[in-house]
Amino acid sequence: MEQLLMALDQGTTSSRCILFDSRGQVCSCAQKEYRQFYPKPGWVEQDAMEIWSTQIGVALEAMLKVNRSARDIAAIGITNQRETVVVWERETATPICNAIVWQCRRTAGMCKQLKAQGYEPMFHEKTGLILDAYFSATKLKWILDNIPGSRERAQRGELLFGTVDSWLIYKLTGGKVHATDYSNAARTMLFNIHTLDWDEDILRLLEIPRQMLPQIKPSSGIFGECDASVFGVPVPIGGAAGDQQSALFGQACFERGDAKNTYGTGCFLLMNTGDTPVESHNGLLTTIAWGLGDKVTYALEGSIFVAGAAVQWLRDELDVLDSSGDSEYMASKVPDTGGVYLVPAFVGLGAPYWDPYARGTIVGLTRGSNKYHIIRATLESVAYQTRDILLAMQEDSGVGLHSLKVDGGASANNLLMQFQADIIESQVYRPRCIETTALGAACLAGLAVGVFEDLSQIRGIGQVERKFIPDMDADRRRELVDGWKRAVQRSMGWARE
């Protein structure tokens, strides 16, 4: 019986496990949500032990669904919510407090103070990131500053820090391995993406003991073996990567200029920039895509704050949709938006505009405008925002876009995907398997244990379900983009006092 690859997909709201065969086909899937805690406005926490228990629970469930056991698993790959911070006791593997989630804004004031002290250029140069509460560094400092005795215990080597991948690896190996991969390390704001090591200047500034930090390993390779007490037999852990980088790998974006966009509540757009980091002048993040052997691949990343969330707004607040899935049918009732533009700047605008004072705007309304025009304009806003990020990436990297690979829930919307191809004037590829995040983790693990011999074999398993080819007149494209730019300008600065 063929051995399977297990992907542990630890997300922000649920833990999932997907079993794949060597052809990249999904054999089994199990998922369980877990609790979120909001102790104060803007604070977000999770119970790391609940993350662990739900992740093991779904792993066992996925195997039971197909009557397989851990003896049938060739290797485990881990992909995870990024930047979330866990601190635990080395001896007991017990967290000292709740995990602080990437969404948590409790350290925004700390970041503002560091900026005022002139440290922002240093952080950006060393880590490729912007100095923001989004990342792990200031969350870890907050724990050491606020949990009594934690900094002293950390200095004595009693406490360990990790992102969720490190936490799962530590628990899976029975406390034998404390490690992370390059892609997750690069999201902590503690890691120097040039020296490929934890940065001593940042650790000193934030008073973080280096002995807390995990060993950094390639994204594909043997991290260790699961303790036999977990699944009954030892199973190698062969791969780990942050969720968005894992999706880039699962989409086989192995060449410089390859890009993928994940259409979810927001959008995460990553472009492979090859073996050298590209500094962004347009507010994008420079990050590490993955490490294979002694070689690291870099990426540019841009986030769109509101994508699928705008469709949810149509459903929940305007009540013009019964379900988000109805948006394609409703939008197709009109041939175009009739000149209507919707800018979904509900929480401001990100790259390349970076205006926190922008607010949601609908322009171009006439007496003939109806709900179908607004629904279509909402879908098209996702494509326009993606175009904005892609242009910034191409300007920063000097690399032209080969094609755009897509995944995530909204990638199933054919009308949106065709408009996306038209407006970026590039082909859009939608894979047959939309579980690209989990597939990436499985492929990283499979590469480590010889299920896959090389990247070309992985490239061969990513079958394209549909290709969207640009079919829009250049003058029409120019006209639409000009209208979008004018609409964005009208949304900017609205909330400024």
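Since the structure is predicted, the reported quantities are computational estimates derived from the model, not experimental observations.

Asks: An account of the overall build of the chain is requested, with residue identities and associated values reported.
Replies: For the chain, the helix and strand inventory stands at 17 helices and 23 strands. Relative to the 2.2 N^0.38 estimate, which gives 23 Å for 497 residues, the radius of gyration of the chain is 22 Å and therefore close to what a compact globule would have. Referenced to the eigenvectors of the C-alpha coordinate spread, the extents of the chain come out at roughly 70 × 60 × 40 Å. Looking at the 497 residues of the chain, the share that counts as buried comes to 60%. Counted over contacts in the chain with a minimum sequence separation of 6, partners at least 24 positions apart contribute 71%. By element, 48% of the accessible surface of the chain is carried by carbon and sulfur atoms, the whole surface being about 19,700 Å².

Asks: Give a detailed account of helix α1 (residues 48–65), specifying residues and quantitative values.
Replies: In a regular helix each residue adds 1.5 Å, so 18 residues correspond to 26 Å; α1 covers 26 Å between its end C-alpha atoms and thus fits that length. Within the span of α1, buried status applies to Ala48, Glu50, Ile51, Trp52, Thr54, Gln55, Ile56, Val58, Ala59, Ala62 and Met63. Of the residues flanking the end of α1, it is asparagine 67, one or two places downstream, whose phi is positive at about 55 degrees.

Asks: Which residues make up the pattern of salt bridges, and what values go with them?
Replies: As enumerated under the stated definition, the model contains 35 salt bridges in all. In this structure, the salt-bridge partner of arginine 153 is glutamate 89, at a minimum N-O distance of 3.1 Å. Linking arginine 153 in helix α5 (residues 150–155) with glutamate 89 in strand β6 (residues 86–89), this pair joins segments that are 64 residues apart in sequence. Residue arginine 153 is classed as partly exposed on the basis of its relative accessible area of 24%. Between arginine 430 and glutamate 465 there is a salt bridge, with its nearest N and O atoms 2.7 Å apart. With a gap of 35 residues between them, arginine 430 in strand β22 (residues 428–431) and glutamate 465 in strand β23 (residues 464–468) connect regions that are remote in the sequence. Taking relative accessible area as the criterion, glutamate 465 reaches 39% and is therefore assigned partly exposed. Within this structure, Arg82, Glu83, Arg187, Asp243 and Glu301 form a network of salt bridges that share partners.

Asks: Go over the packing of aromatic side chains, please, and point to the residues and values.
Replies: Taken as a whole and judged by the stated rule, the model has 15 aromatic pairs. Connected via pairs of aromatic rings, a cluster forms that spans Tyr341, Tyr384, Phe419 and Trp484. Directly above the ring of tryptophan 43 sits arginine 106, whose terminal nitrogen or CZ lies 3.9 Å from the centroid. We note arginine 106 situated over the ring of tryptophan 142; from NZ or CZ to the ring centre the distance is 4.5 Å.

Asks: Before we move on, could you go through a nonpolar patch on the surface and cite the residues and values that matter?
Replies: Taken together, the side chains of Phe305, Phe346, Val347 and Trp354 define a hydrophobic patch exposed on the protein surface, amounting to about 360 Å² of accessible area. Tracing the backbone through its elements, the reader meets phenylalanine 346 in the loop between β19 (341–343) and β20 (361–363).

Asks: Please provide a residue-by-residue account of empty space enclosed by the protein, values included.
Replies: Taken as a whole, this structure holds 1 cavity of 30 Å³ or more when the rule is applied. Size it by volume and the largest cavity reaches roughly 100 Å³. Along the walls of the largest cavity sit 13 residues, with Ile304, Leu349, Gly350, Ala351 and Gln385 positioned nearest its centre. For the lining of the largest cavity, the elements supplying multiple residues, two or more each, are β18 (295–304) and α13 (371–397).

Asks: Give me the packing of α1 against helix α6 (residues 164–172): which residues, what numbers.
Replies: The geometry of α1 relative to α6 is characterised by a closest axis approach of 11 Å and an angle of 65 degrees between their N-to-C directions. The hand of the α1/α6 crossing is right-handed. Here Ala48, Met49, Ile51, Trp52, Gln55 and Ile56 of α1 come into contact with α6, specifically with Val164, Trp167, Leu168, Lys171 and Leu172. Broken down by class, the residue content of the contact of α1 with α6 amounts to 9 nonpolar, 1 polar and 1 charged.

Asks: Break down the side chain of threonine 79 for me, citing the residues and quoting the values.
Replies: Considering the arrangement of structural elements, one finds threonine 79 in strand β5 (residues 73–80). Look at threonine 79 and you get buried, because its relative accessible area is 0%. Those residues within four positions of threonine 79 in sequence are excluded, and the remaining contacts are Leu8, Asp9, Gln10, Ala241, Gly242, Asp243, Ser246, Thr437, Ala438 and Ala441.

Asks: Give a description of the nonpolar core that names residues and reports values.
Replies: Of all hydrophobic cores here, the largest spans 44 residues; its most connected members are Leu140, Leu190, Phe191, Met212 and Leu213. Counting only elements with at least two residues in this core, the list comes to α2 (108–116), α3 (120–127), α4 (136–146), β8 (159–162), α7 (182–185), α8 (200–206), β17 (285–292) and β18. In terms of residue count, α4 provides more of this core than any other element does, 5 residues in total. Beyond its immediate stretch of four places on either side in the chain, leucine 213 contacts Leu140, Phe161, His178, Leu190, Trp198, Leu203 and Ile208. Judged by nonpolar contacts, the second largest core, of 41 residues, contains Leu349, Ala358, Ile389 and Trp484.

Conventions we followed
- Residues numbered from 1 in each chain as written.
- Predicted model: local features only at pLDDT ≥ 70, side-chain atom pairs only at ≥ 80, totals over all residues.
- Heavy atoms only, no water.
- Helix = DSSP H or I, 4+ residues; strand = E, 2+ residues; numbered from the N terminus.
- Rg over C-alpha atoms; globule rule 2.2 N^0.38 Å.
- Buried < 20%, exposed > 50% of the residue type's maximum accessible area, 1.4 Å probe, protein only.
- Contact = heavy atoms within 4.5 Å.
- Areas by Shrake-Rupley, 256 points an atom, 1.4 Å probe, with all protein chains shown as cover.
- Expected span 1.5 Å × (residues − 1).
- Salt bridge = Lys/Arg side-chain N within 4 Å of Asp/Glu carboxyl O.
- Phe/Tyr/Trp six-rings, centres within 6.5 Å; stacked < 30°, edge-to-face > 60°.
- Lys NZ or Arg CZ within 6 Å of the ring centre and 35° of its normal.
- Patch = residues over 30% accessible without salt bridge, like charges linked within 9 Å, V, L, I, M, F, W, Y side chains within 5 Å.
- 1 Å grid on protein atoms, 1.4 Å probe; cavity = no way out; pocket = protein on both sides within 12 Å on 5 of 7 lines; lining within 4 Å.
- Points joined across faces, edges and corners; volume = space filled by probe spheres on them.
- Axes fitted to C-alpha atoms, helices over the stretch in contact; angles between N-to-C directions.
- Left-handed = near helix turned anticlockwise from the far one by under 90°.
- Nonpolar A, V, L, I, M, F, W, Y, C, P; charged D, E, K, R; others polar.
- Core = buried A, V, L, I, M, F, W, Y, C linked by side-chain atoms within 4.5 Å.

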